[in-house]
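Chain by chain, the residues run as shown.
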Amino acid sequence: QVQLVESGGDLVQPGGSLRLSCAASGFPFRYYRMSWYRQAPGKERELVAHILSSGESTNYADSVKGRFTISRDNAKNMVYLQMNSLKLEDTAVYYCNTRQWGRNYWGQGTQVTVSS
């Protein structure tokens, strides 16, 4: 059974950094694209970035380009999101995602709050 578990969310001041982690299990992780999405209160869920099975990162949201980096460790079945220079508008629940056979699988989310 596909399982995605996010961790690392925290309260952080503007300009600070966080690294989110997603532990994946129940599928051959290294062959699948992984993604981070986020959803702020009252807003639609939005794509943050994809990372392909090749390790190439794609489709960073314009709002995070140059500040966030998605990466993966296939030996550990982990995907990460390094977030630097955090802004108030980065406040959201961050979700790990994979898509298999046209179906999306989601983790439970981890809360990131950027506040002064």
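Source: prediction; values computed, not measured.

About the cut-offs
- Residues numbered from 1 in each chain as written.
- Predicted model: local features only at pLDDT ≥ 70, side-chain atom pairs only at ≥ 80, totals over all residues.
- Heavy atoms only, no water.
- Core = buried A, V, L, I, M, F, W, Y, C linked by side-chain atoms within 4.5 Å.
- Buried < 20%, exposed > 50% of the residue type's maximum accessible area, 1.4 Å probe, protein only.
- Helix = DSSP H or I, 4+ residues; strand = E, 2+ residues; numbered from the N terminus.
- Contact = heavy atoms within 4.5 Å.
- Phe/Tyr/Trp six-rings, centres within 6.5 Å; stacked < 30°, edge-to-face > 60°.
- Lys NZ or Arg CZ within 6 Å of the ring centre and 35° of its normal.

Caption draft 1: The arrangement of the nonpolar core in detail. If you look at the biggest cluster of nonpolar residues, it comprises 28 residues, and the most contacted ones within it are Trp36, Val79, Leu81, Met83 and Tyr94. Only β3 (18–25), β4 (34–39), β5 (46–51), β7 (68–73), β8 (78–83), β9 (92–100) and β11 (110–114) provide two or more residues apiece to this core. Counting residues per element, this core draws most heavily on β3, at four residues. For Met83, the contacting residues outside a window of four places in its chain are Gly16, Ser17, Leu18, Leu20, Arg67, Phe68, Tyr94 and Val112.

Caption draft 2: View of the packing of aromatic side chains. Per the counting criterion, the structure on display carries four aromatic pairs. A centroid spacing of 5.0 Å and a plane angle of 70° characterise the contact between Tyr37 and Trp106, whose relative ring orientation is edge-to-face. Here Tyr37 is found in strand β4, whereas its partner Trp106 is found in strand β10 (residues 103–106), with 69 residues between them in sequence. Take Trp106: its relative accessible area is 34%, and that puts it in the partly exposed class. Residues Tyr95 and Trp106 carry aromatic rings whose centres are separated by 6.3 Å and whose planes lie at 85° to one another, so their mutual orientation is edge-to-face. With Tyr95 in strand β9 and Trp106 in strand β10, this pair connects stretches of sequence that are 11 residues apart. Assessed through its relative accessible area of 14%, Tyr95 is described here as buried. Cluster of aromatic residues (ring-pair linked, three or more members): Phe27, Phe29 and Tyr32. Over the aromatic face of Tyr95 sits the side chain of Arg45, whose NZ or CZ is 3.9 Å from the ring centroid.

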